[in-house]
Amino acid sequence: MSAAQLYTKYTRVWIPDPDEVWRSAEIIKDYKEEDKSLHLKLEDETLYEYPVDPQGNELPFLRNPDILVGENDLTALSYLHEPAVLHNLKVRFLESNHIYTYCGIVLVAINPYEQLPIYEQDVIYAYSGQNMGDMDPHIFAVAEEAYKQMARDEKNQSIIVSGESGAGKTVSAKYAMRFFATIGGSASETNIEAKVLASSPIMEAIGNAKTTRNDNSSRFGKYVQIGFDKRYHIIGANMRTYLLEKSRVVFQAEDERNYHIFYQLCASASLPEFKDLGLTCAEDFFYTSQGGDTSIDGVDDADDFEKTRHAFTLLGVKESHQVTIFRIIAAILHLGNLEIQAEQDGDACSILSEDEHLNNFCDLLGVEHSQMQHWLCHRKLVTTAETYVKNMSLQQAVNARNALAKHIYAQLFNWIVQHINKALHTTVKQYSFIGVLDIYGFETFEVNSFEQFCINYANEKLQQQFNLHVFKLEQEEYMKEGIPWTLIDFYDNQPCIDLIEAKLGVLDLLDEECKVPKGTDQNWAQKLYDRHGSSQHFQKPRMSNTSFIILHFADKVEYQSEGFLEKNRDTVYEEQINILKASKYQMVADLFQDEKDAPPTTSMGKGTSKISVRSARPVIKAANKEHKKTVGHQFRNSLHLLMETLNATTPHYVRCIKPNDEKLPFKFDPRRAVQQLRACGVLETIRISAAGFPSRWSYHDFFNRYRVLMKKRDLSKNDKKQICQTLLEDLIKDPDKFQFGRTKIFFRAGQVAYLERLRADKFRAATIMIQKTVRGWLQRVKYQRLRQAAILIQRHTRGHLARRLAEHLRRTRAAITFQKQYRMLRILRAFQKVRKATLTIQAFARGMFVRRTYHKILAEYKATILQKYARGWLARMRFLRLRGATLVLQCCYRRMKARQELKALKIEARSAQHLKKLNIGMENKVVQLQRKIDEQNKEYKLLNEQLSTLTSAHSSEVEKLKKELLQYQQSHQGDGNQLVSLQEEMEHLRLELERAHGERKVVEDSYTKEKDLLRKRISDLEEENALLKQEKEELNSRILCQAEDELAQNTVEENIQMKKELEEERSRYQNLVKEYSGLEQRYDNLRDEMTVIKQAPGHRRNPSNQSSLESDSNYPSISTSELGDTEDVIQQVEEVGMEKAAMDMTLFLKLQKRVRELEQERKKLQTQLEKKEQESKKSQVMETKTEGTSEHEDFAYNSLKRQELESENKKLKNELNELRKALAERATQNNSSSDIQDSYNLLLNQLKSASEELEVRKEEVLILRTQIMKAAQQKEMGKNMESITTSASWPNSDKHIDQEDAIEAYQGMCETNRLLEAQLQDQRREHEEEIEALKTQVDALQEEMEKQHQAFLQTLQLSPEAQVEFGLQQEITRLTNENLDLKELLERLEKNEGKLKKQLKIYMKRVQDFEASQAVVPAERRRHEQSMQVSVQRKEKDFQGMLEYYKEDEPLLIRNLITDLKPQTVSATVPCLPAYILYMCIRHADYINDDQKVHSLLTSTINGIKKVLKKHNDDFQLTSFWLANTCRLLHCLKQYSGDADFMTQNTPKQNEHCLKNFDLTEYRQVLSHLSIQIYQQLIKITEAILQPMVVSAVLENESIQGLSGVKPMGYRNRSSSMEDGDNSYSLHAIIHQLNTFHSIMSDQGLDPEIVQQVFKQLFYMINAVALNNLLLRKDVCSWSTGMQLRFNISQLEDWLRGKNLQQSGAAQMLEPLIQAAQLLQLKKKTSEDAEAICSLCTSLSTQQIVKILNLYTPVNEFEERVTVTFIRDIQMHLQERNDPPQLFLDFKHMFPVMFPFNPSSITMDSIHLPASLNLEFLSKV
């Protein structure tokens, strides 16, 4: 195209500007070829004429369309030139805050001078596995590309990070290494990736410093090789360093610092371990205070020093070595503070021996003080004949001191690098590596010296390698596409490199001058002028004879030759080095030992190369020199080695740009940026790309983008390539402007912009046509709307007038009616008033007459009542007088009769027979009373004796306690004082208590008074309460509605909160299960490795199919067999031995339990003995024969029990001895393992202590035996005493008694004796029981009091903290004892329960046998009549749903049913058939009460399932199959457990199939854990299948054809930077895969609730992966992508509805993605739009919304970008949100799974075993 066609009106161009470098302007007049100027309008609306020279072709650069501004890749721009690159970087950096941009193969990174949240762990995982061009530019994308190419091409990779100081090179390299450490984590447990990252703080401390341009500038170059194995896991690393800036140790410019380690050590000088270093603050040392300010804003040197020390420790540097390192650094600081004094003549100098810093320097390095003092001021001259010692001048001594300091620091730096490489070195063979080169960028200062010369020389070499690589990639791309290759001219800096390193170049002349004895910098500069004065890259300054200029690729630099020779020689005097070699510290001496003069050559990736920054020492030492090779020579060699390494790898380039010199965040200085872009080669890349065909389109994308320019007849063709060729030939007449490749179309610069312009014109014309039509339609619609509105207004107006007239008529009629009614009412009221007055007068008159009549009648009635009462009183008085007279007569008569009867009785009483009868009764009563008195006297004596013994014992105990108290008071006066103070405090408290009692009485009195007052008040309040109740009821009725709503809201919120807490708790629990499974897997792997490594002849090991779950520590035992007899346990220990050591602890616990039982038996015997002693004392006189026999039986029982205890003790002792021997033998056999030996020694010690305790118990039993024998002897003595009969003396025995009376008296006496004896026995029994209970309580209280007293004495001697701890220990022991007792009780009950169950089972079996025998006779009669088929049916009915197998067939059962079973084998049977079969086997083992069989079967089942899943860890069908079966087995164990909660839905037949003997609750928990592990493995498999499909199918799939517009793509999207092959997936592929998952899980009988949870998890993963990718891709953040995304999500929602999964919550998981799609489609202009976005996007965080808005890119130029003000408005609206800080969703998050109980309706007896399972050995029961 001609210039006249390009430079037309409204076209925008770039013109130069002195401030902004380039400025945008718009052409306001078409350009013609003869015009000498362009008429422009600047952005500030000012007019400007730009001069044009048509012959010189000086037209301004054209500006790209706005649609291309902000592109991720600069090569995607249509016009490739400097202003376009600069503007694109500026827009991305300032408006979108994007610091990374691609420029072909280069990643341009702009330092933001601010911490950005784009380097978290989730960002690393988001970039992992993605193609480089698919994501936003990032350092992680470059690292992922290198990692992917290493794995794909099997070629080593390099990442070259370069840039100016302060541009962010070190940080970029650090993040690249962090990416490799995270993605390629080490397969072993060596944590090599952590060590790689730990090397960064060490190298920053010893190699970084503050400069004027950067607070953390790397003053050395480093190349880190990260080694990988065949599985691409990190196995090691190696570091090379280049050209450490040693001069910084002794000199710093203004506002700069020395290396960080010096300031870190000074900041930590106050630590106790650094007291002997003699350090103070950094301002006190010369080497750290030359730059002025010694601190950095925002940096804590002490904190950084702790990180450095931690990194040293992590890398394995010994503590002693660390101390020595810090001593050397401190010594360098003291060396800088030495005071060297000049002598009078000026040719000599000296150092005072009292110099404090010299003493500290010598002490810290362990060298001779006098020798160092001497050789710091003298030097040795060696000639062929003799040796001279010469004084040094002050300047020479200072230079020598500084050289020594630099040399010491350089040697220490190399030593640290060596040890870092040793820590990162590995013995495993390295398969490949990725190198990260962090090297200084091009430098130019006001004063440039030797360091800048070497740095720029290295950058020249790297730039040459970069240019060749870019040229090579361009050539490969052209050759691959079949485009004719024409030689592209590019800048070649080989002449500049030859100037520096060729023969007789700058470095050779420098080395030659260094060899001259009296060579100077001026002579060397003169040689350069003479040799290279004619070179085009070398110039001599006009005003200087000691400087020279080299024209580098980046810029020309003037170097000052002063100091070149000295820095190149790097001279250190041999005498000083020899003193350091003789240091008493070995590490210091090792630093300066001689090394061979050999360059560091080593193979790649071995991690042993070491690049020194100074020349190596020669074998033959020259006088006054320590080194043979110069620094320049060695740097050149190391640089050549680096270039060889880089050329052998695939390089990836990162160019760091410093946006401003003020270090301000997000400030862009265009002049500084352009300078760096030119220097780092970015613009050269653009120039090379622009010289050929920079714009490249695939045929498919070109067709989709520009199909609007094609003709209809062309679109009908099927060949898209031919259609594109026809279109381009019609549109672009010059065939050189484009080329057709095999898969792409190549365009010259500017052609894509021309096509975009044509496309825009076509769209503009179509838009005008659409607008014209739409506007006409809008006007017609407007007219129709206005006409209808006019008609409507007329209609409403007429209606309004008619209604107003009607209203007037109605009002008139109503007024007349009102008047009529009012007049009538007035007259009516006057009549009623008169009538009312008349009636009132009549009423009052009639009332007066009636009241008069009433008063008269009332007076008469009252007179009648008075008469009635008076007459009644007179009648009553007369009756009373008559009754009194009658009573007097009756009394006299009765007295006379009584006197007569008394006389008769007196006569009768004087007779003798009556007296006899009375005496007999009285005698019986006297005898009874006498006997009762005697018995009470005896009891009183006994009680007195007991009381005396108790008082004597109490007094002796009190005396003993008093003595102990006196001793304690004498030994602990302080405690005594404390006791006194406590007593005083108690007295004080007692007084206060009495005072409180008095106050209480006063309060009670006042209470009574107040109570009366309150009662009165209550009566008043009750009345008020009645009123208030009414108001309350009214208010309640009002509040009820509100309260119900609030209650509902509160309950909903509480339910939501509880659900969240439950989910969190479940997720924590399942994460623990997940970690446990991972640890178990690691344990299995380690065990397999150990068996392989340690396998030897005769070595014992577990079977290979045995899992870690077989140990008793991981699996519970069955409840009925938890604790058996001690003999059984010991036998199990002898059988299992060392393999199941956990049983030994159970044995020990059971032995302790047995000891406690013996202790209880001993206490019982003691109590029985005390009882017998008391009974023998009480019953010496009155003891019957029957009581004697019963006591003899008790004694026999006690003796038998004692014999049993002795025999049991002997048996236990023998078994303990046998067990000890067996354990000792096994321990000696397996003495190879020290840990096992220690554990069994500990167990033996515990068994010994148990045996000693048993011995003590045996002695106590013997003591009991002697006591029982003594009691028996006392009882025999008592029986002998009973044989002596004593005669009872009665007071009336001498009197004569009648025989009949005596018999009657004897019988009455026997009866009374029996009654009294029974009563006395009851009372004595109750009394004895009470006494015994009181005694036991007293004993218990005494023991408790003694214990508390001892504890109190102990706690008084302890500190308060120890007292609290001791109290806790006492409480814990008490609770432990109670728990043990309860556990023993529970065990006894369980044993009894088991015995009863066995008996019940036996009885049930007998009953069934009896019923079967009864039914035999009728069955035999019917047998001949039935056929064979009938008999088979009868057997099927008899099947009880149990399967029997022999113990030896268990491995075969597990193999056929689990290990070798394929899901297809049982696909046509009942779902979850293996689970039913396993339960039937478990049920039979329960039926026969075989706990070992149940335990073995369940353990083998779980181990078999784990083994199968471990072997097939990527098989979805098998994992789903075993998840379904495991859940079904878990449901069966619940359904048939006998628990009523799980049996609600069972049929009576199913209830018969319940377990009878065993409780498998703990195994249900283990199966639940296993189900969680299988579920997590299932989710991992499904996510691994779906995750690669999500981005392509959901985000990139064009479900709606022709909707999305394709933009120009950059280099990163070309095939050369991506994997070969088509990895795109459609949404149909995902839906097909989801159908496959659903059908498999449904066919295998997986619970619907679990299926729903699986798809909820999968849809969350789809949402997270798609949203994270959307947040990292600018190309998909557009309106058309939002439409496509919403359509794709609707397809997924339709699928959920089709599968009835709406209730699973999977659709809610897609809500953030739906809102993101809606956000892309919404309008984004006004504040109302911002409010709508904020109200709609509730599931998106603020960061995510702002990120999407920043990434939003218009596909067509008719769309508008989101403005910065709109984004800020959004942020203002969302300020109150409490969003999580994470930008990305954690796509690895896993929701906690729930396994709801789902009973089966299938009965066990209806299940058929197919022959394909090969289970013939199972027999039905």
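Participant: Tell me what's going on with the overall build of the chain, and back it up with residues and numbers.
Facilitator: Within the chain, the regular secondary structure consists of 52 helices and 26 strands. Within the chain, the proportion of its 1821 residues that are buried is 42%. Within the chain, contacts between residues at least 6 apart in sequence are counted, and of these 73% link residues at least 24 apart. For the chain, the exposed surface amounts to about 103,000 Å²; the carbon and sulfur share of it is 54%.

Participant: Any details on the environment of Phe746? Residues and values, ideally.
Facilitator: As for its position among the elements, Phe746 is in strand β24 (residues 744-747). Residue class for Phe746 comes out buried when judged on its relative accessible area of 0%. Note: C-alpha distance between Phe746 and Glu481 (265 residues apart in sequence) is 9.4 Å. Beyond its immediate sequence surroundings of up to four residues, Phe746 is in contact with Glu477, Glu481, Ile483, Phe693, Ser695, Arg696, Lys737, Phe738, Gln739 and Gly741.

Participant: Please set out the sheet that holds strand β18 (residues 538-539) residue by residue, giving values where relevant.
Facilitator: Spatially, β18-β19-β20 is the arrangement adopted by the three strands of the open sheet, whose pairing is antiparallel. Each edge of the open sheet carries a strand with a single partner, namely β18 and β20 (556-560).

Participant: For the pairing of strand β12 (residues 234-242), give the residues involved together with the corresponding values.
Facilitator: Of all nine residues that make up β12, nine are buried, and the element is covered over most of its length. In terms of strand pairing, strand β11 (residues 221-228) meets β12 through eight bridges, oriented antiparallel. Bridge pairing in β12 places Val224 opposite Met239. Counting the residues between successive antiparallel strands, the hairpin from β11 to β12 contains five residues, one of them, Tyr232, with a positive phi of roughly 60°.

Participant: Go over the packing of aromatic side chains, please, and point to the residues and values.
Facilitator: Applying the stated criterion across every chain yields a total of 41 aromatic pairs. Aromatic side chains Phe180 and Phe228 sit 6.5 Å apart centroid to centroid with 85° between the ring planes, which places their arrangement in the edge-to-face category. Of the two residues, Phe180 sits in helix α5 (residues 169-183) while Phe228 sits in strand β11, which places them 48 residues apart along the sequence. You can call Phe228 buried: its relative accessible area is 0%. Ring centres of Phe305 and Phe326 lie 5.0 Å apart, and the angle between their planes is 55°; this geometry places the pair in the tilted category. With a gap of 21 residues between them, Phe305 in helix α10 (residues 301-314) and Phe326 in helix α11 (residues 319-336) connect regions that are remote in the sequence. Site record: aromatic cluster; members linked through ring pairs are Phe450, Phe453, Trp524, Tyr529, Phe538, Phe548, Tyr559 and Phe564. Lying across the ring of Tyr263, Arg257 places its NZ or CZ 4.0 Å from the centre. Over the ring of Tyr1752 we find Lys1724; its NZ or CZ atom is 4.2 Å from the centre of that ring.

Participant: Give a detailed account of the sheet that holds β11, specifying residues and quantitative values.
Facilitator: The strand order across the open sheet built from seven strands is β6-β7-β21-β8-β17-β11-β12, with neighbouring strands paired in mixed fashion. Each edge of the open sheet is held by one strand with a lone partner, namely β6 (100-103) and β12. Along the sheet, successive strands turn relative to each other by an average axial angle of 20°, direction set aside. Pairing of β6 with strand β7 (residues 106-110), which is carried by four bridges, proceeds in the antiparallel orientation. Residue pairing in the sheet places Cys103 in a bridge with Val106 of β7.

Participant: Before we move on, could you go through the packing of α10 against α11 and cite the residues and values that matter?
Facilitator: Between α10 and α11, the least distance of the axes is 10 Å, while the angle of their chain directions is 140°. As judged from the angle between their axes, α10 and α11 are oblique. Considering only the axes of α10 and α11, their crossing is right-handed. The segment α10 lies against α11, with Phe305, Arg309, Phe312 and Thr313 engaging Glu319, Gln322, Ile325 and Phe326. Residue composition of the contact of α10 with α11, grouped by class: four nonpolar, two polar and two charged.

Participant: Provide a residue-level description of a positive patch on the surface, including the pertinent values.
Facilitator: A cluster of basic residues, Arg1388, Lys1391, Lys1395 and Lys1398, forms a positive patch on the protein surface. Within the fold, Lys1391 resides in helix α36 (residues 1360-1414).

Participant: Describe the side chain of Ser37, listing the residues and the values that go with them.
Facilitator: Along the polypeptide, Ser37 turns up in strand β3 (residues 37-42). Ser37 gets classed as buried once you look at its relative accessible area, which sits at 19%. Excluding anything up to four places from it in sequence, Ser37 contacts Tyr31, Glu49, Tyr50, Pro51 and Val52.

Participant: So what about the nonpolar core? Which residues, and what values?
Facilitator: Note on soluble globular proteins: their nonpolar side chains tend to be buried together. By size, the foremost hydrophobic cluster in this structure holds 320 residues, and its most contacted members are Phe180, Phe262, Ile1477, Leu1634, Phe1655, Phe1659 and Leu1818. Take this core: its biggest share by element is 17 residues, from helix α44 (residues 1561-1596). Every residue in contact with Phe262, bar those within four places of it in the chain, is listed here: Val249, Thr288, Ile329, Ile332, Leu333 and Tyr409. Counting residues in hydrophobic clusters, the runner-up holds 18 residues, among them Trp697, Tyr699, Ile723 and Val752.

Participant: Requested: an account of helix α15 (residues 450-481), with residues and values cited.
Facilitator: In an α-helix, one full turn covers 3.6 residues, which means residues spaced three or four apart are oriented alike. Spanning 32 residues, α15 covers 47 Å between terminal C-alpha atoms, matching the ideal 46 Å at 1.5 Å per step. Just past α15, the residue Gly482 takes up positive phi, approximately 75°.

Participant: Quick rundown of the confidence of the model for the chain? Include the residues and the values.
Facilitator: Within the chain, residue pLDDT values average 78, and 79% of them lie at 70 or more. Within the chain, helix α38 (residues 1428-1438) has the poorest average pLDDT of any element, 37, and helix α8 (residues 260-267) the best, 93. In the predicted structure, residues 1415-1437 sits below a pLDDT of 50 and forms one contact with residues beyond four places in sequence or in another chain.

Participant: Break down the pattern of salt bridges for me, citing the residues and quoting the values.
Facilitator: For the structure shown, the criterion picks out 38 salt bridges. Put simply, Lys307 and Asp303 hold a salt bridge, and the shortest N to O gap is 3.8 Å. Note that Lys307 and Asp303 are positioned in helix α10 at a spacing of four residues, about one turn of the helix. The exposure class of Lys307 is partly exposed, given its relative accessible area of 49%.

Participant: Describe the environment of Lys515, naming the residues involved and giving the relevant values.
Facilitator: Mapped onto the fold, Lys515 is located in helix α17 (residues 506-515). The class for Lys515 is exposed, based on a relative accessible area of 70%. Each C-alpha atom of the pair Lys515 and Thr630 lies 9.8 Å from the other, and the pair is 115 residues apart in sequence.

Participant: Just give me the short version of the pairing of strand β17 (residues 432-438), but keep the residues and values in it.
Facilitator: Looking along a regular strand, one sees side chains alternate from face to face of the sheet. Taken across its seven residues, β17 has seven buried, putting it largely inside the fold. Of the two faces of β17, the one holding Ser432, Ile434, Val436 and Asp438 and the one holding Phe433, Gly435 and Leu437 are both buried throughout. One ladder, built from seven bridges, connects β11 with β17; its direction is antiparallel. What sits directly across from Gly227, in β17, is Phe433.

Participant: An account of the packing of helix α47 (residues 1679-1698) against helix α49 (residues 1711-1721) is needed here, citing residue identities and associated values.
Facilitator: A pair of packed helices can be characterised by two numbers: the angle between their axes and the separation between those axes. In contact at an axis separation of 8 Å, α47 and α49 are set at 150° when each is read in the N-to-C sense. Accordingly, the angle class assigned to the pair α47 and α49 is roughly antiparallel. In this structure, α47 meets α49 at a crossing whose hand is left-handed. Here α47 contributes Trp1679, Gly1682, Met1683, Leu1685, Arg1686, Ile1689 and Glu1693 to the contact with α49, which in turn contributes Leu1713, Ile1714, Ala1717, Gln1718, Leu1720 and Gln1721. Here the residues of the contact of α47 with α49 sort into eight nonpolar, three polar and two charged.

Participant: Report on the environment of Tyr175, specifying residues and quantitative values.
Facilitator: By the element assignment, Tyr175 lies in helix α5. For Tyr175, a relative accessible area of 10% corresponds to the buried category. Each C-alpha atom, one on Tyr175 and one on Ile124, is 9.8 Å from the other, the two residues being 51 residues apart in sequence. With residues near it in sequence (within four places) discarded, Tyr175 still touches Gln115, Tyr119, Ile139 and Phe140.

Participant: Let's hear about unusual backbone geometry: which residues, and what values?
Facilitator: The phi angle at Val21 is positive, at roughly 70°, despite the residue not being glycine. Note on placement: Val21 falls in strand β2 (residues 21-27). The phi angle at Asn1700 is positive, at roughly 55°, despite the residue not being glycine. Among the secondary structure elements, Asn1700 is positioned in the loop between α47 and α48 (1706-1709).

Participant: How would you summarise a negative patch on the surface if you had to cite specific residues and measurements?
Facilitator: Judged by side-chain charge, Glu957, Glu964, Asp1339, Glu1343, Glu1344 and Glu1346 come together as a negatively charged surface patch. Of all the secondary structure elements, the ones that give two or more residues to the negative patch are α29 (912-971) and α35 (1299-1356). Here the element with the most residues in the negative patch is α35; it accounts for four residues. Within the fold, Glu964 resides in helix α29.

Analysis parameters
Residues numbered from 1 in each chain as written. Predicted model: local features only at pLDDT ≥ 70, side-chain atom pairs only at ≥ 80, totals over all residues. Heavy atoms only, no water. Helix = DSSP H or I, 4+ residues; strand = E, 2+ residues; numbered from the N terminus. Buried < 20%, exposed > 50% of the residue type's maximum accessible area, 1.4 Å probe, protein only. Contact = heavy atoms within 4.5 Å. Areas by Shrake-Rupley, 256 points an atom, 1.4 Å probe, with all protein chains shown as cover. Pairing = 2+ DSSP bridges. Phe/Tyr/Trp six-rings, centres within 6.5 Å; stacked < 30°, edge-to-face > 60°. Lys NZ or Arg CZ within 6 Å of the ring centre and 35° of its normal. Axes fitted to C-alpha atoms, helices over the stretch in contact; angles between N-to-C directions. Parallel < 35°, antiparallel > 145°, perpendicular 65-115°, else oblique. Left-handed = near helix turned anticlockwise from the far one by under 90°. Nonpolar A, V, L, I, M, F, W, Y, C, P; charged D, E, K, R; others polar. Patch = residues over 30% accessible without salt bridge, like charges linked within 9 Å, V, L, I, M, F, W, Y side chains within 5 Å. Salt bridge = Lys/Arg side-chain N within 4 Å of Asp/Glu carboxyl O. Lys, Arg positive; Asp, Glu negative; His and termini not counted. Charge placed at Lys NZ, Arg CZ, Asp CG, Glu CD. Core = buried A, V, L, I, M, F, W, Y, C linked by side-chain atoms within 4.5 Å. Expected span 1.5 Å × (residues − 1). pLDDT = per-residue confidence, 0-100.

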